[in-house]
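Observations on the three-dimensional arrangement
Chain residues, written in single-letter form:
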Amino acid sequence: MQVTEKKHAQEAHDDHGHGHELAHHFVSVEQQHDAGNLGMWMFLTTEVLFFGGLFAAYTIYRYKFEKVFEQASNILDPMLGAINTIVLIFSSVTMAFAVRSAQQGKSKAIVAWLGATIVFGGLFLGIKYFEWKHDAQLHVFPTSDFNWTWAREKHSEGEHGGHGHDSHGPELKGYIFNSPVVPANYVESDARNPEAKQAKLFFFLYFSMTSLHALHMVIGFGVMAVIMAYAWNGYYTANYYVPVESIGLYWHFVDLVWIFLFPLLYLLGAHLGAGH
Amino acid sequence: MSTIITSAPPASAGSKDPGHGGGVDYLNHETSIASWLLTLDHKRIGILYLVAMSAMFVLGGFYASLIRAELITPKGDLMSSDFYNKSFTAHGVIMVFFVLIPLVPASLGNFMLPLMIGAKDVAFPRLNLISWYVYMIGAGFTLVALIGGGVDSGWTFYTPLSTTYLNSNVLLTATGLFILGFSSILTGLNFIVTIHRMRCPGMDWFRMPLFVWALYATSVIQLLGTPVIAITLALVGVERLLGVGIFDPRLGGDPILYQHLFWFYSHPAVYIMILPPLGVTNELISTFSRKPIFGYSMMAGASLAIAIFSFIVWAHHMFTSGLSPYAAMFFSLLTFSVAIPSGIKVFTWLATLFRGSISFDSPMLYAYGFIGLFTIGGMTGLFLSTLGTDIHFHDTYFVVAHFHYVMVGGAIVGFMGGLHFIWPKMFGRMYPEFPARMSAILIFVGFNLTFFPQFLVGYLGMPRRYHEYPDEFQVLNVFSSAGATVLGVGYLLPLLYLPWSVFFGEKAGRNPWGATTLDWTHTESPPTPHNFEETPVVTGEPYKYDTLFNKESALAGH
């Protein structure tokens with residue numbers, strides 16, 4: 001890399017003139033921009049490996065317990081997953097516009113596009129909330145609450161238009177989302193069934209991956225809110241917009257993770273089922 | 001002496017002129033405690049790390065001394081087996097995660113990297129400070145866990161032992177290490193961006209000092225490996241909390257998966273520990289034999305090769321864990337190939353020494369020790385990568401001796417050499433040479449006395465991690481404990497004379513070693529807050545020495 005020598009300490013010392021645009025230890029605005037950009041890419045590399053541990057675990061158990069993973073995947077609703085995928089892609093589009101606005105130095109447009117991104121992201125999490133609530137009713141949270149016998153029965157009842165909990169005795173409420181309490185004979189049935197443990201692994205992976213993904217989105221919201229506040233005050237210019245670009249990269253990454261999660265978790269059942 | 005390096009046209013105006021001696025430097029331009037705790041200066045952050053890690057090193061050493069004291073006699077007469085388990089776990093966790101992994105990059109690397117590449121700071125000074133606080137928070141969690149009852153899983157946290165059977169503070173320790181990982185990631189990220197984007201004009205990749213290459217290779221490993229151990233420890237925590245059997249065979253999980261994920265980080269972590277001291281040693285060997293490193297580009301390439309190989313050999317820790325024989329053969333072969341870049345390094349140093357003008361200053365004494373100990377540590381690694389012999393040696397003291405030769409004989413000795421080398425730059429003062437040489441010799445002798453008997457006792461079959469052993473192993477264990485005492489004295493000396501020298505040492509002058517890299521030729525000792533008054537422009541390779549060098553006149557400031 002050949003750094004041009006024209007800008008120098010001098011500039012760093014009188015940088016009060018253009019405020020925050022050039023930190024003292026950089027030689028030029030370009031250098032600062034390149035550094036911020038590369039830093040974000042490096043951070044995303046670590047994120048790939050962070051999720052990578054979970055993907056590795058998924059791969060191994062998907063290979064070992066193919067049949068149960070197919071059944072477990074079928075419990076999830078691919079339609080909701082597909083809607084969420086589209087919603088998230090829209091949020092990526094609005095994010096791309098936000099970055100474009102930043103490059104053009106349009107502060108108010110940054111705020112508007114980031115706001116739209118948060119709205120789409122919020123819609124995604126809203127749909128996710130109702131999915132998880134439904135999952136709780138089916139008792140697939142991988143805690144002591146988990147019951148595979150119940151989940152399969154209720155799920156097939158749901159598919160055939162039955163009204164699940166009406167036929168099952170007293171309405172006791174469990175601790176997650178007021179889910180119905182599983183009767184003792186279901187617990188026994190699970191204890192005898194080794195597949196229940198394998199299904200629990202699937203749902204553990206499902207919840208840990210999707211909640212880690214959701215956590216990344218929430219962190220993204222926080223950062224976007226801060227950037228919106230700065231942008232509103234005209235902090236970013238066509239010369240200095242590294243934070244906007246960085247949150248853009250981050251958001252596209254989060255989007256991309258979901259693009260992998262959706263088929264692995266939601267479409268797996270259809271994929272494996274198609275061969276039978 | 002800096003005929004190959006010229007300065008850019010002077011452009012700094014209005015900045016304080018530091019003058020020579022008694023001027024403004026990074027140590028005295030602000031002196032309040034807040035100015036240290038909130039500093040964004042890479043040099044001060046390096047020193048913050050140095051202080052924190054020294055404290056952790058003393059604590060880890062304390063636990064080591066407990067272990068060696070217990071092992072003087074064959075019977076478990078000093079402590080219970082339970083407390084022994086907690087002691088070696090504490091020793092391992094502290095030394096591996098809080099000392100060895102950040103040791104050279106975070107202290108010496110932080111201090112030297114921007115100076116060596118002609119930058120005013122690392123690319124992200126704020127992240128740099130955050131990484132130190134993250135380190136301290138992680139250390140806080142872990143120390144609370146260790147003091148409040150301890151952990152007895154070993155530093156490896158193997159499942160299902162750690163997730164199902166232990167009632168000790170596994171969760172708290174794992175939380176501490178999870179947090180600590182981000183400190184390592186941030187440092188690695190910062191260094192990579194710094195090396196890519198912050199080099200001064202003319203500082204091509206192949207004009208960088210070799211220490212910078214080593215830091216680069218290390219940072220790549222930190223960046224790629226650490227997130228995996230973070231998610232793995234998170235999974236261990238979730239398994240303990242929720243009772244999900246991700247690694248528990250009773251619940252459908254696979255404990256071998258844990259080992260794969262753990263070693264996918266923890267083997268490369270070994271190279272995080274050893275690569276920076278390898279890099280430091282280049283600077284020492286070159287400076288103190290007054291010759292450029294023989295085969296500069298091979299040396300730089302070997303650092304990168306080690307970083308790449310480090311990621312494809314992890315399963316050699318699992319030869320006895322039920323790995324498929326084909327996978328085991330594959331990993332064995334790959335492990336052997338790590339010896340190639342390591343061998344390149346050792347032979348390159350020897351070729352550099354050959355017909356050099358060799359000195360015996362204390363940093364160089366450490367470097368000589370480093371070459372020998374690292375070679376022994378590396379060669380015995382080949383015993384362990386051989387499938388047949390590993391069955392015998394696995395989990396014996398042979399393994400303990402092997403990795404201590406690399407980790408202590410290599411990493412710590414290399415660090416000590418680097419610290420003595422950089423000390424005059426850090427504080428502008430010389431330490432007293434005689435105790436420094438004494439310390440280097442004591443560490444070398446004490447180290448060998450401690451760990452060479454462990455090769456023998458391990459070869460004879462003594463397993464690691466037991467507080468009792470058969471009577472016939474006692475002689476070798478007594479040797480080992482005696483050596484540990486000598487080693488302890490060797491470590492204690494620098495803790496006395498180095499702080500002393502900060503206040504009372506002889507003034508060092510800009511370049512007491514006659515080194516030729518930017519950090520010595522173009523900055524004051526200690527450097528000014530922004531390192532360089534003028535951005536340097538590099539026009540030649542990093543190592544080029546005057547044949548005649550007079551240390552006395554260098555100390556006088558010429």
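Below or above, wherever it landed, is the structure these notes cover. (Residues numbered from 1 in each chain as written. Chains lettered and ligands numbered in written order. Predicted model: local features only at pLDDT ≥ 70, side-chain atom pairs only at ≥ 80, totals over all residues. Heavy atoms only, no water.)

Thoughts on the overall build of chain A
The condition is simple: Strands are runs of DSSP state E lasting at least two residues, helices are runs of H or I lasting at least four, and both sets are numbered from the N terminus onward. Partly exposed residues are those whose accessible area sits between 20% and 50% of the maximum for their type, while under 20% is buried and over 50% is exposed, using a 1.4 Å probe and protein chains only. Any two residues having at least one pair of non-hydrogen atoms within 4.5 Å are treated as being in contact. The protein chains shown are the only cover counted for residues, whose accessible areas, like all others here, come from Shrake-Rupley with a 1.4 Å probe.
Along chain A, the regular secondary structure elements total 10 helices and 0 strands. The helix and strand sequence of chain A, counted from the amino end, reads α-α-α-α-α-α-α-α-α-α. The 276 residues of chain A split such that 52% are buried. Long-range contacts, defined here as pairs at least 24 residues apart, represent 79% of the contacts in chain A between residues at least 6 apart. For chain A, the accessible surface area stands at approximately 12600 Å², while carbon and sulfur atoms represent 66% of it.

Description of the overall build of chain B
Spelled out, the test is: With the radius of gyration taken over C-alpha atoms, the globule rule is written as 2.2 Å times the number of residues to the power 0.38. None of His or the chain ends enter the tally, which takes Lys and Arg as positive and Asp and Glu as negative. We put the charge of a Lys on NZ, of an Arg on CZ, of an Asp on CG and of a Glu on CD.
The secondary structure content of chain B amounts to 17 helices and 4 strands. At 23 Å, chain B has a C-alpha radius of gyration in line with the 24 Å of a compact globule built from 558 residues. Considered along the principal axes of its C-alpha atoms, chain B spans approximately 70 × 45 × 45 Å. Counting the 558 residues in chain B, one finds 62% classified as buried. Of the roughly 19700 Å² that chain B leaves accessible, carbon and sulfur atoms contribute 71%. Separation of charge centres in chain B, based on 26 positive and 29 negative side chains, amounts to 6 Å.

A closer look at the interface of chain A and chain B
Threshold: Throughout, buried area stands for the accessible area (probe radius 1.4 Å) lost by two parts on being put together, summed over both. For this document, the term salt bridge refers to a Lys or Arg side-chain nitrogen within 4 Å of an Asp or Glu carboxyl oxygen. Any pair of nitrogen or oxygen atoms within 3.5 Å is treated as a polar contact; in protein, a donor-acceptor pairing is required on top of that, and neighbouring residues in sequence qualify only through side-chain atoms on both sides.
Across the contact, 40 residues belong to chain A and 48 residues belong to chain B. Buried area between chain A and chain B, summed over both chains or domains, comes out near 3800 Å², and the portion from carbon and sulfur atoms is 71%. Where chain A touches chain B, the interface holds 1 salt bridge. Between B:Asp254 and A:Lys64 there is a salt bridge; the shortest N-O distance is 3.5 Å. Summed over the shared surface of chain A and chain B, the result is 8 residue pairs in polar contact (both at pLDDT 80 or more).

Describing the nonpolar core
One recurring pattern in soluble globular proteins: nonpolar side chains tend to sit buried together. For the record, the criterion: Each nonpolar core is a collection of buried residues, namely Ala, Val, Leu, Ile, Met, Phe, Trp, Tyr and Cys, held together in the definition by side-chain atoms within 4.5 Å.
A:Phe202, A:Phe203, B:Phe97 and B:Met426 are the most contacted members of the largest nonpolar core, which has 251 residues in total. With 21 residues, the single largest contributor to this core is helix 3 (residues 81-116) of chain B. Apart from the residues lying within four places of it in its own chain, the contact partners of A:Phe202 are A:Tyr58, A:Phe69, A:Ala72, A:Ser73, A:Leu76, A:Leu265 and A:Leu268.

Structural notes on the packing of aromatic side chains
Quick reminder of the rule: A pair of aromatic rings is counted whenever rings of Phe, Tyr or Trp (Trp by its six-membered ring) have centres within 6.5 Å, and the orientation is called stacked for planes under 30 degrees apart, edge-to-face for over 60 and tilted otherwise. Only lysine NZ and arginine CZ atoms are considered, and such an atom sits over a ring when it is within 6 Å of the ring centre and within 35 degrees of the ring normal.
With the rule as written, the count across this model stands at 68 aromatic pairs over all chains. Ring centres 4.6 Å apart and planes at 50 degrees place the aromatic pair B:Trp423 and B:Phe427 in the tilted group. Remark: B:Phe427 and B:Trp423 occur in helix 13 (residues 397-427); sequence separation between them is 4 residues, near one turn of the helix. Neither B:Trp423 nor B:Phe427 differs from the other in exposure class; each is buried. Sitting over the face of the ring of A:Trp150, A:Lys154 holds its NZ or CZ atom 4.6 Å from the ring centroid. In this structure, B:Arg44 packs its charged tip against the face of B:Trp36, placed 4.2 Å from the ring centre.

Description of the packing of helix 3 of chain B against helix 8 (residues 255-289) of chain B
Residues and elements named next belong to chain B. Convention followed: In this analysis an axis means a line fitted to C-alpha atoms, helices contributing only their contacting stretch, and an angle means the value between N-to-C directions, from 0 to 180 degrees. In what follows, roughly perpendicular refers to angles from 65 to 115 degrees, roughly parallel to angles under 35, roughly antiparallel to angles over 145, and oblique to any angle outside these ranges. With the far helix as reference, a near helix turned anticlockwise by less than a right angle produces a left-handed crossing, and one turned clockwise produces a right-handed crossing. Three residue categories are used. Nonpolar comprises Ala, Val, Leu, Ile, Met, Phe, Trp, Tyr, Cys and Pro, charged comprises Asp, Glu, Lys and Arg, and polar comprises the others, including Gly.
At a minimum axis separation of 10 Å, helix 3 and helix 8 run at an interaxial angle of 40 degrees. In terms of orientation, helix 3 lies oblique with respect to helix 8. Handedness of the crossing formed by helix 3 with helix 8: left-handed. When helix 3 is examined against helix 8, the residues Val96, Phe97, Leu100, Ile101, Val104, Pro105, Leu108 and Met116 are found in contact with a partner set consisting of Tyr265, Ala269, Ile272, Met273, Pro276, Pro277, Val280 and Glu283. Tallied by class, residues from the contact of helix 3 with helix 8 come to 15 nonpolar, no polar and 1 charged.

Regarding helix 14 (residues 433-459) of chain B
This is how it is decided: Expected span, for any helix, means 1.5 Å times one less than how many residues it has.
Over its 27 residues, helix 14 of chain B extends 39 Å from the first C-alpha to the last, a length consistent with the 39 Å expected when each residue adds 1.5 Å. With its phi angle positive at about 110 degrees, B:Gly461 sits one or two positions after the end of helix 14 of chain B.

Describing the pattern of salt bridges
All names here are of chain B. Across all of its chains, the model carries 13 salt bridges over all chains by this definition. Asp395 is paired through a salt bridge with Arg464; the nearest N and O atoms lie 3.5 Å apart. A residue pair is termed long-range when its members are at least 10 positions apart, and Asp395 in the loop between helix 12 (387-393) and helix 13 and Arg464 in the loop between helix 14 and helix 15 (474-504) qualify at 69 residues. Classification of Asp395 as partly exposed rests on a relative accessible area of 36%. Of the residues examined, Arg464 reaches a relative accessible area of 14% and is grouped as buried. One connected set of salt bridges, linked through shared partners, spans Asp361, Glu433 and Arg437.

Remarks on the side chain of B:Asp248
All names here are of chain B. In this fold, Asp248 is placed in the loop between helix 7 (210-242) and helix 8. A residue is classified by how much of its surface remains accessible, and Asp248, at 3% relative accessible area, is buried. Of note is the side chain of Asp248, whose polar atom sits 3.4 Å from the side chain of Thr164. The residues contacting Asp248, other than those within four sequence positions of it, are Pro160, Thr164, Glu239, Gly253 and Asp254.

Observations regarding the packing of helix 8 of chain B against helix 10 (residues 325-353) of chain B
Residue and element names in this part refer to chain B. Following both chains from N to C, one finds helix 8 and helix 10 inclined at 15 degrees, their axes separated by 9 Å at the closest point. Compared by their axis directions, helix 8 and helix 10 come out roughly parallel. Relative to helix 10, the crossing made by helix 8 is left-handed. Along the contact surface, helix 8 presents Tyr271, Leu275, Leu278, Thr281, Asn282, Ile285, Ser286 and Ser289, while helix 10 presents Val338, Lys345, Trp349, Thr352 and Leu353. Tallied by class, residues from the contact of helix 8 with helix 10 come to 7 nonpolar, 5 polar and 1 charged.

Here's the deal with the side chain of B:Lys425
All names here are of chain B. Along the chain, Lys425 falls in helix 13. For Lys425, the side chain forms a polar contact with the main-chain oxygen of Asp519, separated by 3.1 Å. If near-sequence neighbours (up to four positions away) are discounted, Lys425 is found in contact with Phe111, Leu115, Arg510, Asp519, Trp520, Thr523, Glu524, Ser525, Pro526 and Pro527.

Section: the environment of B:Ile443
All names here are of chain B. Assignment of secondary structure puts Ile443 in helix 14. We classify Ile443 as buried; its relative accessible area is 1%. Here the alpha-carbon distance between Ile443 and Val400, two residues 43 residues apart in the chain, equals 18 Å. In this view, Ile443 contacts Tyr366, Val413, Met416, Leu487, Gly490 and Tyr491; residues no more than four positions away in its chain are not counted.

Note that all results are geometric; they support no functional claim without further evidence.
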